[in-house]
Amino acid sequence: MTSSPYTVADVMTAKVIAVTPSTGFKDIAAAMERWKVTALPVVEGEGRVVGVVSEADLLPKEEFHEHGPGLIEQMRRLGDTAKAGSTRAENLMTTPAVTIRPDATLPRAARLMADRHIKRLPVVDADGTLIGIVSRADLLKVFLRTDEELATEIRRTVVDRLFPLSREAVKVTVAQGIATLTGEVKEPDLILLAERLTGSVEGVVDVHCRLNHPAEAGSS
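Because the structure is predicted, anything quoted here is derived from the model rather than measured.

Asker: Please explain the packing of helix H9 (residues 147-162) against helix H10 (residues 191-199) as it appears in this structure.
Answerer: A pair of packed helices can be characterised by two numbers: the angle between their axes and the separation between those axes. The interhelical angle for the contact between H9 and H10, taken along N-to-C directions, is 165 degrees, at an axis separation of 10 Å. In terms of axis orientation, H9 runs roughly antiparallel to H10. Crossing of H9 against H10: the hand is right-handed. Side by side, H9 and H10 meet where Ile154, Val158 and Leu162 of the first sit next to Leu193, Ala194, Leu197 and Thr198 of the second. Split into classes, the residues belonging to the contact of H9 with H10 amount to six nonpolar, one polar and no charged.

In structure tokens, the structure reads:
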């Protein structure tokens, strides 16, 4: 009933810095520093994502720079010790890459980042070709929507549709992302739904639903 939810395509960065499997260690580190990112997609061919190389993948080389790992540590941390001796992206990267499609919703992207403990996701098309990158910061862009924009959407997609007989009596205000609905409606069974749908509007931080039915006011 509400407008279409925001998707990854709405907030992702289309300009992506990537490396190839043959990119060397120092070039990877230099790219991260230059572009102020903590991870880079690794692509081959026409841009198909085959992995991601992150700061965490580079750190073992520094960790074991002066003192190599002992036998027990080598066995316990095979992946890290192997990366410590690697010089190219193909041996440093984490694969398969955790990616997401552009039509995925923002909550889905947020859950994936949280579940995998990652900060950025390569965005790929149906063929696995890199078309963008989405970060935690990108997912928060919806909270930059103005209060006026949020109020307009709430009225259009919630109030006008749920309460066609009472919409003129419903007041919608938004302050710092907190939406407040006040007024008397002739459709009391829809009040809880209105509260839930208002909370689902992208960018709304919280909802104060103070709608009531005339009969409720008279019986109090």
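Let's pick the thread back up.
Asker: Where do I start with the pairing of strand E5 (residues 171-175) in this structure?
Answerer: Here E5 shows a buried face lined by Val172 and Val174 and an unburied face lined by Lys171, Thr173 and Ala175. Both E5 and strand E6 (residues 178-184) contribute to a ladder of five bridges, which runs antiparallel. Within the sheet, the bridge partner assigned to Val172 lies in E6 and is Leu181.

Asker: Hey, could you run me through the pattern of salt bridges in this one?
Answerer: Oppositely charged side chains can pair when the atoms bearing their charge come close. If you walk through the whole model with that rule in mind, you get seven salt bridges. The partner of Lys141 in a salt bridge is Asp138, with the nearest N and O atoms 3.1 Å apart. On the basis of relative accessible area, Lys141 is assigned to the partly exposed category, the value being 36%. Note that Arg145 is salt-bridged to Glu149, the shortest N-O span being 3.2 Å. The class of Glu149 is partly exposed, set by a relative accessible area of 36%. By sharing partners, the salt bridges in this structure join Arg145, Glu149 and Glu153 into a single network.

Asker: Is there a simple way to explain unusual backbone geometry in this structure?
Answerer: Note the cis peptide between Thr95 and Pro96, where omega equals 0 degrees. In this structure, Pro96 sits in the loop between helix H6 (89-92) and helix H7 (106-116). Positive phi, normally seen in glycine, also occurs at Lys36, with a value near 55 degrees. Tracing the backbone through its elements, the reader meets Lys36 in the loop between helix H2 (25-35) and strand E1 (39-44). When its relative accessible area of 63% is taken as the criterion, Lys36 is described as exposed. The backbone of His117 sits at a positive phi, close to 55 degrees, despite the residue not being glycine. Tracing the chain through its elements places His117 in the loop between H7 and strand E3 (120-124).

Thresholds, definitions, all that
Along each chain, numbering runs from 1 in the same order as the chain's sequence is written. Thresholds applied to this predicted model are a pLDDT of at least 70 for local features of residues and 80 or more for the giving and counting of side-chain atom pairs; totals over whole chains, interfaces and linings are not thresholded and use all residues. To obtain the side-chain values, all non-hydrogen atoms of the structure were included, while hydrogens and water were left out. Axis geometry follows a simple rule: fit a line to the C-alpha atoms, using only the stretch in contact for helices, then measure angles between N-to-C directions, giving values from 0 to 180 degrees. To qualify as a helix, a DSSP run of H or I must reach at least 4 residues; to qualify as a strand, a run of E must reach at least 2; elements of each kind are numbered from the N terminus. Put simply, angles under 35 degrees are roughly parallel, angles over 145 are roughly antiparallel, angles from 65 to 115 are roughly perpendicular, and the rest are oblique. With the far helix as reference, a near helix turned anticlockwise by less than a right angle produces a left-handed crossing, and one turned clockwise produces a right-handed crossing. Contacts between residues were defined by any pair of non-hydrogen atoms, one from each residue, lying within 4.5 Å. Classification convention: Asp, Glu, Lys, Arg as charged; Ala, Val, Leu, Ile, Met, Phe, Trp, Tyr, Cys, Pro as nonpolar; all other residues, Gly among them, as polar. Throughout, exposure labels follow a simple rule: accessible area from a 1.4 Å probe, protein chains only, divided by the maximum for the residue type, with under 20% read as buried, over 50% as exposed, and the rest as partly exposed. Here, strands pair whenever DSSP counts at least two bridges between them. A pair is scored as a salt bridge if a Lys or Arg side-chain nitrogen falls within 4 Å of a carboxyl oxygen belonging to Asp or Glu.

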